[in-house]
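Secondary and tertiary structure notes
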Amino acid sequence: MEVPDPKDPSTERQNGGEIRLKARAMSRGVAIGRVVCLHGSNRQFFKIEIPPSEIERETRRARAAFRLASRQLNKLCANSGTSSVPGIFDAQRAMIQQSSMLEKVLDVVAGEKVNAEWAVKIVTDSYIAKYRAITDEHLRDRYIDVEDVAERILDALGGGERTAPLAKDSIIVAQELMPSTLAEQSGNHPTAVITEHGGWTSHTFILARELNLPAVTGVRKVLRRVNTGDAAIVDGYNGRVILNPTSETLERYRLPAAQFRQINYNDVTVSESNRSTLDGREITLRVNVDLPEIYKRAKRIGAQGIGLYRSEFLFNRFKGFPTENQQYEAYREIADYAGEDGVKIRTFDVGPDQSYGKSHGREKNPALGLRAIRLGLSNTPHLRTQLRAILRASHERKIDIVVPMVSGLEEIHAVREFISKESEALSSKGFAVGSPRIGAMIEVPSAVLMIDEIVRETDLVCLGTNDLVQYLLAVDRDNESVSSWFRTLHPAVIRAVRAVIKACNDAGKPLVICGEMAGSPFYLPLLIGMGATELSMNVNSILRVRKVISGLAFQEAAVVAGEVSKCRTADEVEDLLQQHINEKWSHLIQPERRTKPRI
Ligand code: PEP
Ligand code: MG
C-alpha cells in the first residue's frame, strides 16, 4: 500500500494508523465495510482466488480469449487497407500470436490459482512496466499497444462468469467504475463505492443514487492506497473516506451507518394533497428508472409514471444486444408497472463500443461521436428492431418514444418515418401495435436553438440537463479533472433551460425535465420559478423533492427566477439562490456543497 504523502492536503494521517482521505460526495449515505478492489477500465474484474479444481476451466477461458482476440486482429489487419493502421494491428497481433504472453498467463492461473482476468492483468502489467522503462521514446510508447491488447483479451473474456459473489459489506474501489459493472454487481449488494474518477452526472453515480448506495469520488491514486480486505468507512454526505478506522471512529460511525441502512420506504404514504406548491400549482413528479424493480418502490412513494427509461440498460441484462422479443417483453413489463401514468422509453443512448463490443474500435471523442440516435440512424436494422419492439409493447399500454441526442429536425423526421413504416409492416403481418407519442431529448445546444420547430413537430419534449451542461459548456461530465467547470447554474445553462420551458409552455406541449438537476432540492425553486411543471428523477430524490415543492409558493419562486436571470456568472447565481434559500426555504433545503472553479 502506498504511504500517504503527508504534504498531500487530501490526506490526513491520524493516531492509530487511521487514514482520512478527502473525496467528493456523489451519493448520500454512510457505510462501513471492507474494500474490494476492482481493476480494468473497459472490462472490469476482481481478483478471484480459485480452488485447484477450477484451474482447468480458467485455462480454457484464457485460451479461448486469446484465440478470439487473435481472430479479431487478423480481421482488422486484413481490412485496414494501406493506411498506417495495419502496422499497429500487426504489432498487436504479433504480441498475441508470437510472444509467450499466453503461456505466461496460464502459468499465473495455475501458479497463483487465480481467475484468467487477474492473470492477464499481472502479465500485461509486467509488459507495460518493461516498455515504460525504455528510454527510446518511440519504443516506450509501445506500451499503449499492450494496453490495447490487454483490453481486447479482457473483452474476449467478458462472456464468461466474470463476477464473483461479493462478501457482505463490500466497498467497491475502482479507478473508474463502469455503469454496466455497477449494474451487474448490484445483485451482490455492495455497501458503498469509492472511485478516483467520475462526475456528478456520470451514469455510475446516477445509478448509485438509484440504488441508495453511498458513493464518493476524487480519491487520487485510490487503487494504490488500498488493498482488498482493508476496513473502510465511506461518508457520502461529507465526501470522506476513512481507511483502517480506529475503534473510536468505528463507534462514532456505527449509528449513522445503521440508521442509513434502515431507511425504509415501505412505511411512507404520500397524500395526494402535497402534489402542488403552496399556491396550488400542480407539479408532476416522475421517476427515472434504469432497473425495472425500482418502479415498485417509486410508485409507493408517489411517482406518477416513468419520465425516463434508459433502454440501454437492457444491454447489461441480456449481456449484449437484446433481440426484438427480449425488448418487447422488457417494454411490456415496464409499461405494465407504470400503468396509466405511462413510461417514456428512450431509444438506445449508447456508442458503438457498448452495442457491438470493443472490437469495433475506439472513438477519439465518444461524447461527440457516433452515439445515441446517430448510431441508430447509421445502423437502421438495430433502430428498427427497437422501434418494432416498442410499437408492439405500446398496444393498449401507455408508452412514449423519446429520441436521444437530437440536434435538429432531421433526426425526428427520420425516426417518424421508420415508425410509420414499421407500424404498417407489423400491422400487415397481423401484430397489434399502439401509436406512441414521439418526443425529443433536448441536450445538444443546436436543439435549444431550434426548440420552436422541434416543439411543433414532436408530441412532447424531455430536457436532459446532464448532457445539456456537458455540451453547452464543453465539459466532459465523466471527467473528474474538469468537474469544477461543470456548472449547472451557469447563466448560459439557465438561459437554455428557460428557453425550452417557455417554448413548451407557449405551445402547450408537455415538458419533462429529467437530468439530475430535476432531483436536486437546491435547483427546485429556480426550475419551478421558470415554469417547469414535470420533473423526473431518481427514486431516492422523490420524497425530498416532494417536501420542497409542497413547502414553496410558485409566485415567490418566479420572483427569484426573475432575479437570477440578471446574474452574469455561475457564482452570482449560486450565491443569489443560496441567499434566497437561507431566507425563505432553509427549513426545506439543506445547504449545498459546491466546488468553486479554479479559474
Ligand atoms: C441527461 O442527459 O440529462 C439525461 C437525462 O440523460 P443521460 O443522463 O442518460 O445522458
Ligand atoms: Mg443525456
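Residues numbered from 1 in each chain as written. Chains lettered and ligands numbered in written order. Predicted model: local features only at pLDDT ≥ 70, side-chain atom pairs only at ≥ 80, totals over all residues. Heavy atoms only, no water.

Once that is clear, we can look at the domain arrangement of the chain. Bring the parts together and some accessible area is lost; that lost area is often taken as the interface size. Partitioning the chain into structural domains gives domain 1 (11-43 + 164-261), domain 2 (52-160) and domain 3 (278-358 + 366-585). Taking only C-alpha atoms, the centre of domain 2 and the centre of domain 3 are 40 Å apart. (Domains from an automatic or database assignment.)

Time to look at the site of ligand 1. The environment of ligand 1 is made up of 14 residues, and the closest members are His203, Arg310, Gly464, Asn466 and Arg477. One of the side-chain N or O atoms of Arg310 is found 2.7 Å from an oxygen atom in ligand 1. Here Asn466 contributes a backbone N or O atom positioned 2.7 Å from an oxygen atom of ligand 1. When the free accessible area of ligand 1 is taken as 290 Å², the share hidden by the protein chains comes to 99%. Of all the secondary structure elements, the ones that give two or more residues to the shell around ligand 1 are helix H8 (203-210), strand S11 (306-310) and helix H20 (465-472). At 3 residues, H20 tops the list of elements feeding residues into the shell around ligand 1. (Near = heavy atom within 4 Å. Polar contact = N/O pair within 3.5 Å; in protein donor to acceptor, adjacent residues only side chain to side chain. Areas by Shrake-Rupley, 256 points an atom, 1.4 Å probe, with all protein chains shown as cover. Helix = DSSP H or I, 4+ residues; strand = E, 2+ residues; numbered from the N terminus.)

Moving on: H8. Across the 8 residues that make up H8, a large majority, 7, are buried. Listed in full, the buried residues belonging to H8 are Thr204, Phe205, Ile206, Leu207, Ala208, Arg209 and Glu210. (Buried < 20%, exposed > 50% of the residue type's maximum accessible area, 1.4 Å probe, protein only.)

Here is a general trend for soluble globular proteins: nonpolar side chains tend to be buried in one another's company. Core analysis: the largest hydrophobic core is formed by 152 residues, its most contacted members being Tyr309, Ile442 and Leu535. Contacts of Tyr309, omitting those with residues within four sequence positions, involve Val289, Leu314, Ala330, Tyr331, Ile334, Val343, Lys344, Ile345 and Arg346. Ile19, Cys37, Val234 and Leu243 belong to the second largest nonpolar core, which has 18 residues in total. (Core = buried A, V, L, I, M, F, W, Y, C linked by side-chain atoms within 4.5 Å. Contact = heavy atoms within 4.5 Å.)

The next point concerns the coordination of the magnesium ion (ligand 2). As a benchmark, a tetrahedral metal site with four donors has ideal angles of 109.5 degrees, while an octahedral site with six donors has ideal angles of 90 or 180 degrees. Listed as protein donors to the magnesium ion (ligand 2) are Glu443 (OE) and Asp467 (OD); their distances from the metal cover 2.1 to 2.3 Å. Note that Glu443 is positioned in the loop between strand S14 (437-442) and helix H18 (445-449) and Asp467 in helix H20, a separation of 24 residues in sequence. (Donors = N, O, S within 2.8 Å, 3.2 Å for Na, K, Ca; no water.)

What follows deals with the pattern of salt bridges. In this structure the tally under the stated criterion is 34 salt bridges. A salt bridge links Arg397 to Asp336; its shortest N-O distance comes to 2.9 Å. Highlighted residues: Arg397 in the loop between helix H16 (380-393) and strand S13 (399-403) and Asp336 in helix H13 (residues 324-338), separated in sequence by 61 residues. The class for Arg397 is partly exposed, based on a relative accessible area of 23%. For Arg416, the salt bridge identified is with Asp459, shortest N-O distance 3.7 Å. You can see Arg416 sitting in helix H17 (residues 409-428) and its partner Asp459 sitting in the loop between helix H19 (451-457) and strand S15 (460-463), a full 43 residues away along the chain. Classification of Asp459 by relative accessible area gives partly exposed; the value is 27%. Several salt bridges share partner residues, and in doing so they unite Glu312, Arg346, Asp349, Arg371, Asp467 and Arg477 into one network. (Salt bridge = Lys/Arg side-chain N within 4 Å of Asp/Glu carboxyl O.)

In this section: the packing of aromatic side chains. Two aromatic rings, taken as a pair, are described by how far apart their centres are and by the angle between their planes. What the rule picks out here adds up to 5 aromatic pairs. Measuring from ring centre to ring centre gives 6.3 Å for Tyr309 and Tyr331, while their planes differ by 90°; the resulting arrangement is edge-to-face. Placement of the pair is Tyr309 in strand S11 and Tyr331 in helix H13, with a sequence separation of 22 residues. Both residues of the pair, Tyr309 and Tyr331, count as buried. (Phe/Tyr/Trp six-rings, centres within 6.5 Å; stacked < 30°, edge-to-face > 60°.)

In contact at an axis separation of 8 Å, helix H3 (residues 101-112) and helix H4 (residues 116-132) are set at 125° when each is read in the N-to-C sense. Between H3 and H4, the interaxial angle falls into the category oblique. Both H3 and H4 take part in a crossing whose hand is right-handed. Taking contact as the criterion, the partners of Met101, Lys104, Val105, Val108, Val109 and Glu112 in H3 are, on H4, Ala116, Trp118, Ala119, Val120, Ile122, Val123, Thr124 and Tyr127. (Axes fitted to C-alpha atoms, helices over the stretch in contact; angles between N-to-C directions. Parallel < 35°, antiparallel > 145°, perpendicular 65-115°, else oblique. Left-handed = near helix turned anticlockwise from the far one by under 90°.)

Further remarks concern the confidence of the model for the chain. Here the chain averages 89 in pLDDT, while 90% of its residues score no lower than 70. Between residues 1-6, whose pLDDT stays under 50, and residues either more than four places distant or in other chains, the model counts 15 contacts. Low pLDDT (under 50) marks residues 594-599, which in the prediction has 16 contacts with non-local residues, meaning those over four places away or in another chain. (pLDDT = per-residue confidence, 0-100.)

On to the side chain of Thr195. Structurally, Thr195 is set in strand S6 (residues 192-195). Among the residues examined, Thr195 registers a relative accessible area of 0% and is labelled buried. Of the polar contacts made by the side chain of Thr195, one reaches the backbone oxygen of His197; its length is 2.9 Å.

The subject of this paragraph is helix H24 (residues 554-564). Note that an α-helix has 3.6 residues per turn; residues three or four places apart therefore point the same way. For H24, every residue scored as buried is listed here: Phe554, Ala557, Val560, Ala561 and Val564. Viewed along the axis of H24, the buried residues span an arc of 120°, placing them on a single side of the element. What points out from H24, more than 90 degrees from its buried face, is the exposed set Gln555 and Val559. Elements in contact with the buried residues of H24: helix H21 (491-507), helix H22 (524-529) and helix H25 (570-585). (Arc of directions from axis to C-beta.)

Another aspect to go through is the environment of Glu574. One can find Glu574 in helix H25. Look at Glu574 and you get buried, because its relative accessible area is 5%. Between the C-alpha atoms of Glu574 and Ala518, which are 56 residues apart in sequence, the distance is 16 Å.

Counting buried positions along strand S10 (residues 284-289) yields 6 of 6 residues, so the element is predominantly enclosed. Relative to strand S17 (residues 534-537), S10 is paired through 4 bridges, and the arrangement is parallel. What sits directly across from Arg286, in S17, is Ser536. Relative to S11, S10 is paired through 3 bridges, and the arrangement is parallel. In the sheet register, Val287 faces S11, and the bridge partner there is Ile306. (Pairing = 2+ DSSP bridges.)

The backbone phi angle of His189 is positive, close to 50°, even though this residue is not glycine. Looking at where His189 falls in the secondary structure, it is placed in the loop between helix H7 (179-185) and S6.

Packed helices, taken two at a time, are described by the angle between their axes plus the distance between the axes. Where H20 contacts H21, the axes come no closer than 10 Å and their chain directions differ by 130°. Comparing the axis directions of H20 and H21 gives the class oblique. Read as a crossing pair, H20 and H21 show a hand that is right-handed. Seen from H20, the contacting residues are Thr465, Leu468, Val469 and Leu472; seen from H21, they are Ala492, Val493, Ala496 and Val497. Residues of the contact of H20 with H21, tallied by class, amount to 7 nonpolar, 1 polar and no charged. (Nonpolar A, V, L, I, M, F, W, Y, C, P; charged D, E, K, R; others polar.)

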